[in-house]
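# Chains, contacts and geometry: an overview
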Amino acid sequence: MQPGGARPFARYLLLAAMLLLAACSSLRLAYNHSDTLLYWWVDAYVDLDSDQKSWVKKDIDDLILWHRKTQLRDYVQILQTAQKQLQGNPTQAELQADYDDIKKRSQTLLLKALPQLADLAQSLKPEQIEQMQKKFASNNDEFRKKNMKGDRERQQKYRYQKSMEQFELWFGNFSDEQEAVIRKASDARPLDNGIWLAERMQRQKEVLDLVQNVQREKLSKEATMAQIQSLIRTSFQRIEHSDHQAFTDAYNDGTLQLILTVIKIATPEQKAHAQQRMQGWIDDFKSLAA
């Protein structure tokens, strides 16, 4: 529930795909090209050499095949649960359970990818680690430009607009009166983008420290996998036990309240729009899984 980008490097293997899917009108089309999209994403971070390209593509293909066979039917269940919740009045506890379920599945995917991530970490050259560092720095600059520009009012407005993009994707257009209510609920969340940036940079540092240590110590694949596994588990634990726990707890509670507010004020037509979109995704996931 943190702003985009406040996640460790490894978890992008899932998030990059999911964000691209969410922005695409045809989920089936996007998923069927997710191997290429993920390859481009990895290449942008480390600038793969000619030797790495072939086996990285195969690793991604294998991971996507496993995901298609074992995970997509579970996504159908998640969306069907969301449809049922939307018909009634979901509670904050139910939304929290949904979030925890998705988080658990994210961790499952990353742990499945441990051998592939270890191979990549072992193969990195100094110039590729430097490229990763530059990419992190570029992403952080982009985060500052988008999320930390101007005064508090401007930052709140930008955050609200990003939230509205997601709500409109699901519910369609909102009236001026509805937007005013949503804006109030959005602004009620605590705002400190410096905290998100600090946590983001800490996770990036941990990734860079890991790959540098793998190269420096010439770690075996098993030792590399153990370090990556520890990093994954630690990063997920940090979500629940942040150094800024009071802030993150208040932010997450505020985000859940924001979602509940949108559901509460949505018209029957808007809820029908969301139901239809969910059903389209359900049908796509069933087709992809088959």
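Refer to the structure presented above.
The present account deals with the structure reproduced in this document. In this text the structure is predicted, and so the values were computed from the model without any measurement.

Further remarks concern the side chain of Q83. Assignment of secondary structure puts Q83 in helix α5 (residues 72-87). Among the residues examined, Q83 registers a relative accessible area of 12% and is labelled buried. A distance of 3.3 Å separates a polar atom in the side chain of Q83 from a polar atom in the side chain of Q279. When neighbours within four sequence positions are excluded, Q83 is seen to be in contact with Q275, M278, Q279 and I282.

Turning to the nonpolar core, a few remarks are in order. When a protein is soluble and globular, its nonpolar side chains tend to lie buried together. Counting residues in hydrophobic clusters, the biggest one holds 59 residues, and the most contacted among them are M132, F171, I182, I228 and F285. When residues of this core are assigned to their parent elements, the largest contribution, seven residues, is made by helix α14 (residues 268-289). Filtering out sequence-adjacent residues up to four positions away, F171 remains in contact with L86, V262, I263, A266, Q270, K271, H273 and A274. I195, W196, L197 and F247 belong to the second-largest nonpolar core, a separate cluster that totals six residues.

What follows covers the environment of I263. With respect to the helices and strands, I263 occurs in helix α13 (residues 245-265). For I263, a relative accessible area of 11% puts it in the buried group. Among all residues touching I263, those that are not within four sequence positions of it are L86, P90, F171 and K271.

Following the criterion strictly, the structure yields nine aromatic pairs and no others. Three or more aromatic residues joined by ring pairs make a cluster, and in this case those are Y75, W170, W281 and F285. Taking NZ or CZ as reference, K57 lies 5.0 Å from the ring centre of Y39, over its face. For the cation-ring pair, K135 lies above Y45, with the distance from its terminal atom to the ring centre recorded as 5.6 Å.

A word on α14. For α14, spanning 22 residues, the distance from its first C-alpha to its last is 31 Å, which sits close to the expected 32 Å at 1.5 Å a residue. Every buried residue of α14 is listed here: Q270, K271, A274, Q275, M278, W281, I282, D284, F285, L288 and A289.

As a further point, take the pattern of salt bridges. Taken as a whole and assessed by the stated rule, the structure comprises 15 salt bridges. A salt bridge links D49 to K125; its shortest N-O distance comes to 2.5 Å. In this pair, D49 is assigned in the loop between α3 (34-46) and α4 (50-70) and K125 in the loop between α7 (114-123) and α8 (126-147), connecting sequence segments 76 residues apart. For R105, the salt bridge identified is with D74, shortest N-O distance 2.9 Å. Within this pair, whereas R105 is found in helix α6 (residues 92-112), its partner D74 is found in helix α5, the two being separated by 31 residues in sequence. For R105, a relative accessible area of 19% corresponds to the buried category.

Rules of the game
Residues numbered from 1 in each chain as written. Predicted model: local features only at pLDDT ≥ 70, side-chain atom pairs only at ≥ 80, totals over all residues. Heavy atoms only, no water. Helix = DSSP H or I, 4+ residues; strand = E, 2+ residues; numbered from the N terminus. Buried < 20%, exposed > 50% of the residue type's maximum accessible area, 1.4 Å probe, protein only. Polar contact = N/O pair within 3.5 Å; in protein donor to acceptor, adjacent residues only side chain to side chain. Contact = heavy atoms within 4.5 Å. Core = buried A, V, L, I, M, F, W, Y, C linked by side-chain atoms within 4.5 Å. Phe/Tyr/Trp six-rings, centres within 6.5 Å; stacked < 30°, edge-to-face > 60°. Lys NZ or Arg CZ within 6 Å of the ring centre and 35° of its normal. Expected span 1.5 Å × (residues − 1). Salt bridge = Lys/Arg side-chain N within 4 Å of Asp/Glu carboxyl O.

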